[in-house]
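Structure assessment
Listed here are the chains, written in short residue letters.
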Amino acid sequence: MTNLEKYDQAFVEALEITVDQLPGLEYQGTDQWDSVGHMGLVATLEDAFDIMMDTDDIIDFSSYEKGKEILEKNYGIAF
Amino acid sequence: MIWDFQKYGNYTAILDEYGKSLTYEALDKEGRLVAEAAGRRCLAFLLCRNEIGALVGYTGMLNGGMVPLLLNSHVNREALEGLLAVYRPAYLWAPEGIPFPDLTPVYDAFGYRLLQTCYETEYPLHPELALLLTTSGSTGSPKFVRQSRTNIQANAKSIAAYLELDETERPITTLPMNYTYGLSIINSHLLAGATLLVTDKSLTRREFWSFFQEAGATSFGGVPYTYEMLDRMRFQRMDLPSLRTMTQAGGKLSPALHEKLAGEALAAGRRFVVMYGQCEATARMGYLPPEKAAEKCGSMGIAIPGGKFHLVDEEDREITVPGVSGELIYEGPNVALGYAERGEDLRKGDEWGGVLRTGDMARFDEDGYYYITGRKKRFLKIYGNRVNLDEVDALVKGRFPALECASAGADDRLYVFITDQERAEDVKEFLIHKTQLNSSAFRVVCLDEIPKSDSGKTLYRKLEEYYA
């Protein structure tokens, strides 16, 4: 699986949505992406990429695109 | 009148995340305008968000002798329509963005509108009735707790006393104001002349923490899930010099997390205060004094000033020895008047006489500190919201009459057992829609059959193996 596929899969699993809903998706853009869903998403991503996200990154993670940027910049994950 | 806002004159009562603020004097004046626009003592539904407009409506109505019924602004439409039909309020106070084409706007302020309904008859209100709050989340259940002016004042005064609140406090909102615990923070701090920092943003957002730091928040409250979340975010590492106090209620923290949080708070020179309460007692009944947080880990503490706890056994005899579990009974001026389930109930007076059977099982230690040991009734706390399991069973059976179903679980994890795999997804979606809670709380498990006794009663105990 590519990193992008892993990334997408984490969203699909944690937020119970489909891949086509991902581009442009923002926090609270779907019912499941509330604070509970957010922490579930973070836990899923941490497992998938074997990382520990910093507090700042968790609270800055505000959209599908922003999350990718954070993982790339701060955790060296190439998409 | 509940609060004497004039007493604090030009102190700031409310500051929101966009920099807008109101002094106590202005809050008093703006609130009066809302009550005057309605013009009389009557029932009003408030669709709440943590915003200045919602607080102006709430305080203005309470101080002006109206009876607000508080709902989350995200309440689903069909639940709201149902409640309107049951209670026939004279007015709604709602954010401008929510459309009500059939109602007449008569006043607006701070992004909220006062909307007049047109029911031919209204239900009479008992003179002591001041406020109506839901016991659970937003299932649309018509069951509300009837609170009096005395209840609200007594509880706010007691909370302000044991937390030693004064005008230098700046609590930031982390809980919905229609939720009893969130509201108690508002009520008690307005009594103390403090500044409420209001935001509808969640603790997982950057905007929340920027506001927290810029406005210098001194305290916040959280349910067990809030603290689990903060712990996972490693919030201990954040730079929050203004923070003095963290309170916890809305369910029992795991003793391990309680110990960790108490230890970290102590090291950081902060207070961590575990509390116990229910909407039926306005909000708070017990608290663990912060200096005992580490020593009495796992305890919810002692009764609040003006209140009293005792335990009774199954024959209703008082338990007088430490270490024995029994039902927790609370007595105090904050015990509400009773429930309302229909419009006619609004004329009822005090049915509980200041005594509340909590439905929680507890024991006390040699020093008189109480520990919750379990629950007498079948309910769970999901993200701080009370969810009655018998009600869940009834809801599912009502929607899927042919389905065998039994619900059980632990806090923050509700399990629904059914016997037809094909309906699993439908059942889950239905419950998410009904309760408006995040789907992670629900697990639907398919069994060959629901374990039952010879007389046909569901054996909930036997379901424990699937989730314990």
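Coordinates for the structure precede this section.
Residues numbered from 1 in each chain as written. Chains lettered and ligands numbered in written order. Predicted model: local features only at pLDDT ≥ 70, side-chain atom pairs only at ≥ 80, totals over all residues. Heavy atoms only, no water.

Right, let's talk about the interface of chain A and chain B for a bit. Taken residue by residue, the interface counts 21 residues in chain A and 19 residues in chain B. Of the roughly 1700 Å² buried between chain A and chain B on both sides combined, carbon and sulfur atoms contribute 49%. Its largest share of buried area at the contact with chain B, chain A owes to V36, M39 and I59 of chain A, together 37% of the area lost on that side. Counting every contact that joins chain A to chain B gives five salt bridges. A salt bridge links R206 of chain B to D56 of chain A, with the nearest nitrogen and oxygen atoms 3.3 Å apart. Linking chain A with chain B are 13 residue pairs in polar contact (both at pLDDT 80 or more). (Contact = heavy atoms within 4.5 Å. Buried area = accessible area lost by both parts, 1.4 Å probe. Salt bridge = Lys/Arg side-chain N within 4 Å of Asp/Glu carboxyl O. Polar contact = N/O pair within 3.5 Å; in protein donor to acceptor, adjacent residues only side chain to side chain.)

Attention now moves to the sheet that holds strand β21 (residues 370–375) of chain B. The strands that make up a sheet are held in pairs by hydrogen bonds between backbone atoms, and each pair lies either parallel or antiparallel. Residues and elements named next belong to chain B. In space, the five strands of this open sheet follow the order β17-β16-β18-β20-β21, with antiparallel pairing throughout. The open sheet is flanked by β17 (318–319) and β21, the only strands paired with a single partner. With five bridges connecting them, strand β20 (residues 355–364) and β21 associate as antiparallel partners. For F364, the partnering residue across the bridge sits in β21 and is Y370. (Pairing = 2+ DSSP bridges. Helix = DSSP H or I, 4+ residues; strand = E, 2+ residues; numbered from the N terminus.)

Another aspect to go through is the packing of helix α1 (residues 3–15) of chain A against helix α4 (residues 64–75) of chain A. Residue and element names in this part refer to chain A. Two numbers describe how α1 lies on α4: the axes approach to 12 Å, and their chain directions differ by 135°. Classified by the angle their axes make, α1 and α4 are oblique. Note that α1 runs across α4; the crossing there is right-handed. Across the interface between the two elements, L4, Y7, D8 and F11 from α1 touch Y64, G67, K68 and L71 from α4. (Axes fitted to C-alpha atoms, helices over the stretch in contact; angles between N-to-C directions. Parallel < 35°, antiparallel > 145°, perpendicular 65-115°, else oblique. Left-handed = near helix turned anticlockwise from the far one by under 90°.)

Glancing now at the sheet that holds strand β1 (residues 12–16) of chain B. Residue and element names in this part refer to chain B. Strand order in the open sheet formed by three strands is β2-β1-β10, with mixed pairing between adjacent strands. Two strands close off the open sheet at either side, each with one partner strand: β2 (21–23) and β10 (196–198). Averaged over all pairs of adjacent strands, the angle between strand axes in this sheet comes to 15°, irrespective of strand direction. Bridge analysis of β1 against β2 gives three bridges, and the strand direction is antiparallel. Considered in β2, the bridge of L15 is made with S21.

Attention shifts here to the nonpolar core. Counting 111 residues, the largest nonpolar core has F11 of chain A together with W209 of chain B as its most contacted members. For this core, the element with the highest residue contribution is helix α2 (residues 35–49) of chain A, accounting for six residues. Core analysis: the second largest hydrophobic core is formed by 44 residues, W3, Y24, V34 and Y112 of chain B among them. (Core = buried A, V, L, I, M, F, W, Y, C linked by side-chain atoms within 4.5 Å. Buried < 20%, exposed > 50% of the residue type's maximum accessible area, 1.4 Å probe, protein only.)

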